[in-house]
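# Working through the structure, step by step
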Amino acid sequence: MSSLEQFLPYVVDHPLHRAMGVERIEAAGGRSRIEIDVGGDMVNAAGMFLGGNVYTICDMACYAALLSELPEGHNAVTHDIHVSLMRGARAGDRVVFSGRVIRRGRSVAFMEAEARVGEDVVARATVTKSILAPR
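These remarks concern the structure in this document. (Residues numbered from 1 in each chain as written. Predicted model: local features only at pLDDT ≥ 70, side-chain atom pairs only at ≥ 80, totals over all residues. Heavy atoms only, no water.)

### Some thoughts on the pattern of salt bridges
- Inspection of every chain in the model, using the stated rule, returns ten salt bridges.
- Linking glutamate 35 and arginine 33 is a salt bridge whose minimum nitrogen-to-oxygen distance equals 2.7 Å.
- Where salt bridges share partners, they join Arg33, Glu35, Asp37 and Arg94 into one cluster. (Salt bridge = Lys/Arg side-chain N within 4 Å of Asp/Glu carboxyl O.)

Given below as structure tokens:
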């Protein structure tokens, strides 16, 4: 069983991720895609998509992209993430998150993610993950 097959179902089925609107994650060849519809319970008092959700889903997109490249049984954890929020998304918007692996070594991987509503960039992220070998 590949790392993607082993660990991705846990990510999709996690209650927090479900609450953020994640239903499906596509990942292959060091790239991923997550689409969500922003619900009314996913916005702040200003009516904008919660930044913490954007951060979390950017990280999730990078994790999925990396899992698609890892050898069987390997996993990864985030040790650095930087997210720039560039514009807001509102309830009813469809946000598309994409992740990709920039460089992967034996113990560290560098990735980037982007969130868009249509052609508009909502956020960009850089993520560094430590790769964990199976025990």
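Continuing now.
### Remarks on the nonpolar core
- Ranked by internal contacts, the top residues of the largest apolar core, which has 43 residues, are Ile25, Ile34, Ile36, Phe49, Ile57, Val95 and Phe97.
- A total of eleven residues in this core trace back to one element, the largest contributor, which is helix H3 (residues 51-67).
- Setting aside anything within four residues of it in sequence, one finds isoleucine 25 in contact with Leu8, Val11, Val12, Arg33, Ile34, Met60 and Ala64. (Core = buried A, V, L, I, M, F, W, Y, C linked by side-chain atoms within 4.5 Å. Buried < 20%, exposed > 50% of the residue type's maximum accessible area, 1.4 Å probe, protein only. Helix = DSSP H or I, 4+ residues; strand = E, 2+ residues; numbered from the N terminus. Contact = heavy atoms within 4.5 Å.)

### Focus: the state of the cysteines
- Scanning all chains against the criterion turns up zero disulfides.
- Considering cysteine sulfurs only, cysteine 62 is the nearest to cysteine 58, which forms no disulfide, with 7.0 Å between them.
- Classification of cysteine 58 by relative accessible area gives buried; the value is 0%. (Disulfide = S-S within 2.5 Å.)

### Concerning the environment of alanine 109
- In this fold, alanine 109 is placed in strand E5 (residues 108-117).
- Classification of alanine 109 as buried rests on a relative accessible area of 0%.
- Distance from alanine 109 to leucine 4, taken between C-alpha atoms, is 16 Å for residues 105 residues apart in sequence.
- Residues contacting alanine 109, with those up to four places away along its chain left out, are Leu66, Arg103, Arg104, Val127, Thr128, Lys129 and Ile131.

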